[in-house]
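Each chain, letter by letter, is given below.
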Amino acid sequence: MLNLRKSKNWVYILGILLFSVIGTKALFHPGLFTAHDIWNQVVRFYYFSQAVNDNQFPPYWISQLAKGFGYPLFFFSYSLPWTIGILLLKFRIDVYNVIKILFFLSYLTSGIAMYFFVLNLLKERLAAFTSSILYLWLPYHFLIIFVGASMGIAFVFTFLPIIFCGIIQMGRNEKIGITLFSLGLSGVILSHIMHLLFLLPTILLFTLWTFINEYKKINIIKNISIGLFLTILISAFYLIPALNYNKSTKAHIESGFSELYKRNFVNFSQILYSKWGFGPIINNAKNSETSFQLGFAQWISIILLIIAIITKKISKNYLSLSLILLIIFVINIFLMLDYSEFIWRILIKYVPIDFPFRLLLPSAFITSTCAGVIIASSQKRLKIILSIFLILIAIYTNRNHININLYTNYPLSTYLDSELSLTTNTFNEYLPIQANTKLLDKPWKEVFGNYISSINTKQTTNSLSFDISLKETERVSIGQFYFPGQTLYLDKKISQYNVDKDGLISFIAPKGRHSVIVKYQETFLIKFSKFLTILGILITLLLFK
């Protein structure tokens, strides 16, 4: 890795900062904005912060979601961006501004990460800077932030170049490579694990190229193995519970999700160019208002690289790199088109897949890298001309993509009370497997029974408590879905319970007045997973020295 001050990289970092501020200027406006996922992001971050205040770290169960019946949101939803956001809350910044700051930080750090990846790959600062700007000024990047408000994916933009920087360093047998690789891969998992499936072809092929082109192949295998092991350890607090408890949710038995990919292929013409819009995908990605264009500067970079290879203008040092980049690019484009459906039909049997167009991110990453290769292979005077040309094209063709649709100034309660924020998942797919979804259409009550009254109700993210009075002994149900980790206290003593036909916690309550508490508590599996994460972080820090 290159020293920031000694190598004067700070000049280029300041340039990246400037282009980042211009590209995200819409975030500096007061209030929030309309976007596909913005309501969900507000609700997720709010409850994440409340869960931390309730001594859940990291959070898992959110008692107030699903109309108050409880929902295992953070067993399965990403938490890394919100962990960063918690630190910002300490400076008394409100939820809306924290969300905007997080989007800006993801944007800025993605540009910096891209710069250092290409710098380590090509040893050429201007090439690295050009690739960085094309990675920032990218239609799909603006789509993710201003149209989709997809916080997790915004951070995937940051961690992808870190993974590749780690691969390069591991190929050179540098210890720092293991750290970068494991942190980058863990970052993707903890930011948006679904995206990892769409990044795998790019990561695997680039790793194979590195393996072929380096002499110390045993060291590469060893370093990658250690990096993967550390990734599993660092991500254990999320990976192990998510994989284990998925079978306790409706996502495990409902099959509609497996058909989703069929409606989300795009046409090649849409990748070449598609009109910018803010509407969501309703039935089919091919007919939506969403733009899936790759970007003019990105296409020009690919064309210039192909021309350079055909005319033998590409440097021999970069020929094999250029070829593998083009191969990866073609594969990614093919997999976004419905011609590749036969491949997805096989994959969906083993892994959950939703939107093939997510391959736009690795495609854009590759094309931005191609721009750097073109610059690095050119003569000195031509380097500057090409760099300015590509950057100007990127800025001009994205000039209308850096705006939001509409600014809003809703109170926080509007987001929290909205039906759109019932679980913050489109299909409520992580409801407990025994949960009766019809309950979500009815008013919530803390307790259900015949001759019963309740007072002193209090609900936090991990508990529900109240006092009940019964005229006679009877079976009652509590307004909380059962999920592993739920513990019932009757008169401050742990009590046995059953699960009723609606998936609610049910128990026999004796006649008289009693205090009732349902509290989510971490299972042994979760405690062990958190221990593995701490262990992984410690080992990674030792390797970083």
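So, a few notes on the structure that sits alongside this text. The residue numbers shown here count from 1 along each chain, following its written sequence. Local features are withheld for residues below a pLDDT of 70 in this predicted model, meaning they are given only at 70 or higher, and side-chain atom pairs are given and counted only at 80 or more; totals for whole chains, interfaces and linings count all residues. Here the side-chain values reflect all heavy atoms present in the structure, with hydrogen atoms and water set aside.

### Considerations on a nonpolar patch on the surface
As a reminder, the rule being used: What goes into a patch is any residue over 30% in relative accessible area without a salt bridge, connected to like charges within 9 Å or, for nonpolar side chains (Val, Leu, Ile, Met, Phe, Trp, Tyr), within 5 Å. Only the protein chains shown count as cover for residues, and all accessible areas are computed by the Shrake-Rupley method using a 1.4 Å probe. The salt bridge criterion pairs a side-chain nitrogen of Lys or Arg with a carboxyl oxygen of Asp or Glu, the two atoms within 4 Å. Helix numbers and strand numbers start at the N terminus; a helix is a DSSP run of H or I with at least 4 residues, a strand a run of E with at least 2.
On the surface, W10, V11, L14, L17, V21 and F28 cluster together into a nonpolar patch covering about 550 Å² of accessible area. Relative to the helices and strands, L14 resides in helix α1 (residues 9–23).

### Let's talk about helix α9 (residues 175–213)
In an α-helix, one turn spans 3.6 residues, which is why side chains three or four residues apart end up on the same side. Stated precisely, the cut-off is as follows: Between the first and last residue of a helix there are one fewer steps than residues, each counted as 1.5 Å, and that sum is the expected span. What the bend at a residue measures is the angle between two axes, fitted to the seven residues ending there and to the seven starting there.
Taking 1.5 Å per residue as the helical rise, α9 with its 39 residues ought to reach 57 Å, whereas the 19 Å between its terminal C-alpha atoms falls clearly short. If you look at α9, its biggest bend is around 125 degrees, right at H192.

### Notes on the packing of helix α5 (residues 95–122) against helix α6 (residues 125–136)
Our working definition: Orientation is described by lines fitted to C-alpha atoms, with helices fitted over the stretch in contact, and by angles between N-to-C directions that extend from 0 to 180 degrees. Should the near helix be turned counterclockwise from the far one by less than a right angle, the crossing is left-handed, whereas a clockwise turn marks it as right-handed. Between two residues, a contact is recorded if the distance between any of their heavy atoms is within 4.5 Å.
Two elements in contact, α5 and α6, have axes separated by 8 Å at closest approach and are oriented at 145 degrees. In the packing of α5 onto α6, the handedness of the crossing is right-handed. Here α5 contributes Y107, S110, G111, I112, M114, Y115, V118, L119 and L122 to the contact with α6, which in turn contributes R125, A127, A128, F129, S131, S132, Y135 and L136.

### Some remarks on the side chain of T24
Basically, it comes down to this: Buried, partly exposed and exposed residues are distinguished by accessible area as a fraction of the type maximum, computed with a 1.4 Å probe on protein chains only: under 20%, between the cut-offs, and over 50%, respectively.
Looking at the element boundaries, T24 is found in the loop between α1 and β1 (32–33). A relative accessible area of 0% places T24 in the buried class.

### Some remarks on the pairing of strand β6 (residues 474–481)
Quick reminder of the rule: Two strands pair under a simple rule: DSSP has to find at least two bridges between them.
With seven of eight residues buried, β6 lies mostly within the body of the structure. Two elements, β6 and strand β10 (residues 504–509), share five bridges in a ladder whose sense is antiparallel. Residue E474 lies in a different strand from β10, and its bridge partner there is A509.

### Things to note about the pattern of salt bridges
For the coordinates displayed, the defined rule picks out six salt bridges. Note that R358 and D354 form a salt bridge whose closest N and O atoms lie 2.7 Å from each other. Take R358 and D354: they sit in the same class, and that class is buried. As a salt-bridge pair, K501 and D502 come within 3.5 Å of each other at their nearest N and O atoms. A residue is classified by how much of its surface remains accessible, and K501, at 75% relative accessible area, is exposed.

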